[in-house]
Structure formats: C-alpha cells, structure tokens
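Chain residues, written in single-letter form:
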Amino acid sequence: MTSTILIVEDDMSLSEALKDTLELIGHRTFIADDGSTAMQVLEKESIDLVVSDVQMKQINGIQLLQRITNKYPGKPVILMTAYGTIQQAVLAIQAGAMDYLVKPFEPEVLATKVSQFLPLSNHAENGMIAVSDISQSVVALANKVAQSDITVLVTGESGTGKEVLVQYIHRHSDRSEKPFVAINCAAIPDNMLEAILFGYQKGAFTGAYKSCPGKFEQAQGGTLLLDEISEMSLGLQAKLLRVLQEREVERLGDQKLIPLDVRVMATSNRNMLEEVRNGRFREDLYYRLNVFRIEMPALRDRVEDVIPIAEFLLQRVAGKNSTVCPCLSDDAILKLKTHAWPGNVRELDNVLQRGLILHGNGMIKADDLNFEDLHGEDAWQATSDNVVLPETLGSDLRVQERQTILKALVQSQGSRKTAAETLGISPRTLRYKLARMRDEGVAIPG
C-alpha cells in the first residue's frame, strides 16, 4: 500500500526535490512550509510519517515534533537540518524523533530512512477474504506453505492482492513475531535499490553520513518480500542471487559479511518463464525463487469475493475517517459483481472511494459507481488498434501519456527496452511510469 508522507520545509525548491524523490519511490506526499500549516495538514489528512526541517520561523522543527508527539503519539518524525551538531541530534532523539538527517543528503539516504520507519501496511489486518472456491484453495495452499521456510513466488495480475497473500503466509508462520519487510523493486531506481536492499557503510557514497542496515538486515529472523521482482535489472539480479545462495549480505562500502536468517518471498505480475526465455530475468535466480509458486487469481475469476472485499474496503475507509460506513444498494451490488475488473482489487478500491464521495443518505447506489475502462472489455488482450481511452478524458495529458505508453508496449510486444526507445525515454523512466500506472489500477499489456 502507498504510504503518505508530510514534508515540512520552508525552502520550496528543496521541498519540491524531496517530494519528487519520495513520489518516485511510490509514496504520496503533502507539503507544508511551516509548523502551523503542518499541524493543519495532520488534522485533515491521514499521514504515515513526517519529514521536517529543524530551522524554521515561528515554530521550529523541535517544537513541531513536540506538538506532533503530544497530539499524535507514535507518529514517526524524521528531522533534517543544514546545521547539524551532535547536541541537536541528541535533543531531537530525546524529543521523540525517529532519526536525524544532516543536509545535504543523497536521495538513497532519504529513501532508506523513510522506508525504515514507515509503519507496516495494515491491508491484510483481518486476514484473507476468501469466499469463492478458488480463493479458498489459495488460502489452503498458503496455510501449508506457512508451516515451512520454503521460498515462495506469488504471481498474478497487478492489483490482485499478492502482497496481502505474502503477509498472510508470514503471519501464520513461525516467524510471525519477527519483522515483515517489503520492498517494491519496480518503484525504486537501481542505484537506490541496491543501497536500500543491502545497506551501506558510512562514507560509501556522497550523503552516507552514517551506516545504515539494508532490508535484508532489517528482516533478520523474519520475512523479506521482494515485490515485483521481475522489474529488477539484470546486474542487480546477479548480486541478489549471490546473497540468496550464500545466505549472507555485504553492505555497500564494507567487506564484512553478515549472516542472514531471512525467509525470502517474491511477487511478479509477469509470466516469469517468458521473462527468462527473453533474457530479461536470470534463469538461475528464477529457479532460486520459484521453489513453490502460488498463482493469485484475478478478481473476475472469484466473483463471490467481490462484495465481501468491497464491504471490507468501505469499513476500512469509514473507520479511518471516523464516519458511518454506507451500505451498498442492490443495483450497486449487481454492478460490482458484473464488472470485469481489469484493475482487480486496486480498481475496486478506487471505484469505492469515488462512490464514497458521491453517495448520499448512507447508501452507495449504482449511479455512484463509475468505472474507467481504459482498454476496452478485454484489457488483458489489448492490441495496438484497440487501446482506446474515453473521449471525455481525451484532453487529459496524463491519460494521453498512458495511451501512448500502452500503444508503445503493444507494438514492441512487451519489450520495455524497445518501448522506451520508441517513446524517447530511458528504460528506468519507463519503469517508474509503469509502476505508477499499476498503482492506479491500469492493466499493463505484455
């Protein structure tokens, strides 16, 4: 699930740079230029973490931290300043800050620190919702797999709930009391991903002012999820393979080997054998990860789950906003059950959130449910001729960009490299855009 981060910084150029960095790795952001505005944002929005400057007018970072701690106990706050001293760092930590960053710092440092202190997603807090026969079969498999330390590869279309299934396996395993750590391989640039995954020593690169453990170390004794593993570059795949084979990791800038006790699970929305055949994924790494594979079924193949999942999502949003949960009318239920759901559960979540805005009198009706059919009825079998968007959105630059990207992918038969060359952008930029599109419920052909 996407996390929401509040950036409090009175230097607008810096705040925009921080915003770009955090959104690049998949987070949602809000910006405040002073402490008072920050408190107003916290009152209106559900913020998972605050990153604040120390040197600000009126209310400085330490004072803001104290106000946040008093009003929102447990809310993680990271402070940053260009005037770092040991005394200030000690004061910040004593006041309740999770950590302290000294400007200037590299994007890798910020990304690692933020991921370290974000709360674990609660998307699977009530367990798997499995009413249909096919979903119950998946849960039965998950329960069996949970009793061992076997490496699991979960595949399925984007938005089906692959991470939810992995979290379910972790919670029902002997490692349930140990950390569950997830990293999205599609949303993070390769140079940042390596530092975040393996950790780094002080001085390993510009901005590495102190040593930081990577995701493998953070998951010691528990489970590490490599989400969308098929998006990882071949070079980094080779380094990951060595870690998995040797069961030990070496931080960037260090020669010390750290033994690992970590269960690794991975997810992908691609045909992994096809990725191996086309040279986009290492065969040896594939067999290292694909010890036991579970296919997460598409939502259209488990119609009986649609309404229970919808009701769970509505209750979650209502509880988050402290509002009464609306009911679904009979015509709304019929509309939800007969939709094809190319974007799966993620699309369902988006549709319901729009319905919550439009509904009245405590009931969501069919007219309150609006679908964005970006590809036609058979989105997963799109061709270059039928990738068509609604005319009402034709003037939207963002939608036009989506259409251009999708057509390039279809024409390149799924080759990201060829599509990027056709679009005139780097493969890394294309990966970012595709990751964002997936998060918004867009089915990616190829």
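Our structure is the block above this text.
Presented here is an overview of the structure given in this document. Treat the numbers as computed from the prediction; the structure is a model and nothing was measured.

### Comments concerning the environment of leucine 49
Here leucine 49 is to be found in strand β3 (residues 49–53). C-alpha of leucine 49 to C-alpha of threonine 29: the two residues are 20 residues apart in sequence and 9.8 Å apart in space. Those residues in contact with leucine 49 that sit more than four places away from it in its chain are Thr4, Ile5, Leu6, Pro76, Ile78, Val114, Phe117 and Leu118.

### Quick word on the side chain of serine 52
Examined against the element boundaries, serine 52 turns out to sit in strand β3. With near-sequence residues (within four places) excluded, serine 52 lies in contact with Val8, Gly61, Leu64, Ile78, Leu79 and Met80.

### Section: the sheet that holds strand β6 (residues 152–155)
Spatially, the five strands line up as an open sheet ordered β7-β10-β13-β6-β14, and their pairing is parallel. The sheet is open, and its two borders are formed by β7 (180–184) and β14 (292–295), each paired with just one other strand. Averaged over all pairs of adjacent strands, the angle between their axes in this sheet comes to 20°, without regard to strand direction. Both β6 and β14 contribute to a ladder of four bridges, which runs parallel. Bridging across to β14, valine 154 finds its partner in isoleucine 294. The strands touched by helix α6 (residues 133–146) within the sheet are β6, β13 (263–268) and β14, with β14 carrying the most contacts at an inclination of about 155°.

### Some words on the nonpolar core
Counting residues in each nonpolar core, the largest one holds 54 residues, and the members touching the most others are Val114, Leu197, Phe216, Leu226, Ile229 and Leu240. In terms of residue count, helix α8 (residues 190–198) provides more of this core than any other element does, six residues in total. Among the nonpolar cores identified, the runner-up in size contains 23 residues, and Met39, Leu42, Ile47 and Leu79 belong to it.

### Comments concerning the sheet that holds strand β4 (residues 77–81)
Within the open sheet, the five strands sit side by side as β2-β1-β3-β4-β5. Their pairing is parallel. Two strands bound the open sheet, and with one partner strand each, they are β2 (28–32) and β5 (99–102). The sheet shows a mean angle of 20° between the axes of neighbouring strands, direction not considered. Looking at chain direction, β4 and β5 are connected through four bridges and run parallel. Bridging across to β5, threonine 81 finds its partner in valine 102. Here helix α3 (residues 61–71) sits on the sheet in contact with β1 (4–8), β3 and β4, set at roughly 175° to β4. Contacts from helix α5 (residues 107–117) reach β1, β3, β4 and β5 within the one sheet, and its direction differs from that of β5 by about 170°.

### Some points on the packing of α8 against helix α10 (residues 234–246)
Relative orientation of the contacting elements α8 and α10 amounts to 10°, with a least axis distance of 11 Å. On the basis of the axis angle, α8 is roughly parallel to α10. Where α8 approaches α10, its residues Asp190, Leu193, Glu194, Leu197 and Phe198 are matched on the opposing element by Leu236, Lys239, Leu240 and Val243. Looking at the contact of α8 with α10 residue by residue, the classes come out as six nonpolar, no polar and three charged.

### Observations concerning the packing of helix α2 (residues 35–44) against α3
Between two packed helices, both the angle of their axes relative to each other and the distance between the axes serve to describe the pair. Look at α2 against α3: their axes get within 10 Å of each other, and the N-to-C directions meet at 20°. When the axes of α2 and α3 are compared, the pair comes out roughly parallel. Between α2 and α3 lies a crossing of right-handed hand. Together, Gly35, Ala38, Met39, Leu42 and Glu43 of α2 and Leu64, Arg67, Ile68 and Lys71 of α3 make up the contact between the two elements. Looking at the contact of α2 with α3 residue by residue, the classes come out as five nonpolar, one polar and three charged.

### Some points on the packing of aromatic side chains
Applying the stated criterion to the full structure yields four aromatic pairs. Plain terms: the ring middles of phenylalanine 198 and phenylalanine 216 are 6.1 Å apart, the flat faces sit at 15° to each other, and that makes the pair stacked. Here phenylalanine 198 is found in helix α8, whereas its partner phenylalanine 216 is found in helix α9 (residues 215–218), with 18 residues between them in sequence. For the residue pair phenylalanine 198 and phenylalanine 216, the accessibility class agrees, reading buried in each case.

### Digging into α6
Helix length check: α6, at 14 residues, gives a terminal C-alpha distance of 20 Å against a target of 20 Å (1.5 Å per residue), a fit within 8%. Here α6 has its buried residues at Ser135, Val138, Val139, Ala142, Val145 and Ala146. Buried residues of α6, viewed axially, fall in a sector of 120°; they line one side. Among the exposed residues of α6, those pointing more than 90 degrees away from its buried face are Asp133 and Lys144.

### Things to note about α8
Taking burial as the measure, the nine residues of α8 include seven buried ones, the bulk of the element. Taken together, the buried positions of α8 are Met192, Leu193, Glu194, Ala195, Ile196, Leu197 and Phe198. One or two residues past the end of α8 sits glycine 199, with phi positive at roughly 85°.

What counts as what
- Residues numbered from 1 in each chain as written.
- Predicted model: local features only at pLDDT ≥ 70, side-chain atom pairs only at ≥ 80, totals over all residues.
- Heavy atoms only, no water.
- Helix = DSSP H or I, 4+ residues; strand = E, 2+ residues; numbered from the N terminus.
- Contact = heavy atoms within 4.5 Å.
- Pairing = 2+ DSSP bridges.
- Axes fitted to C-alpha atoms, helices over the stretch in contact; angles between N-to-C directions.
- Core = buried A, V, L, I, M, F, W, Y, C linked by side-chain atoms within 4.5 Å.
- Buried < 20%, exposed > 50% of the residue type's maximum accessible area, 1.4 Å probe, protein only.
- Parallel < 35°, antiparallel > 145°, perpendicular 65-115°, else oblique.
- Nonpolar A, V, L, I, M, F, W, Y, C, P; charged D, E, K, R; others polar.
- Left-handed = near helix turned anticlockwise from the far one by under 90°.
- Phe/Tyr/Trp six-rings, centres within 6.5 Å; stacked < 30°, edge-to-face > 60°.
- Expected span 1.5 Å × (residues − 1).
- Arc of directions from axis to C-beta.

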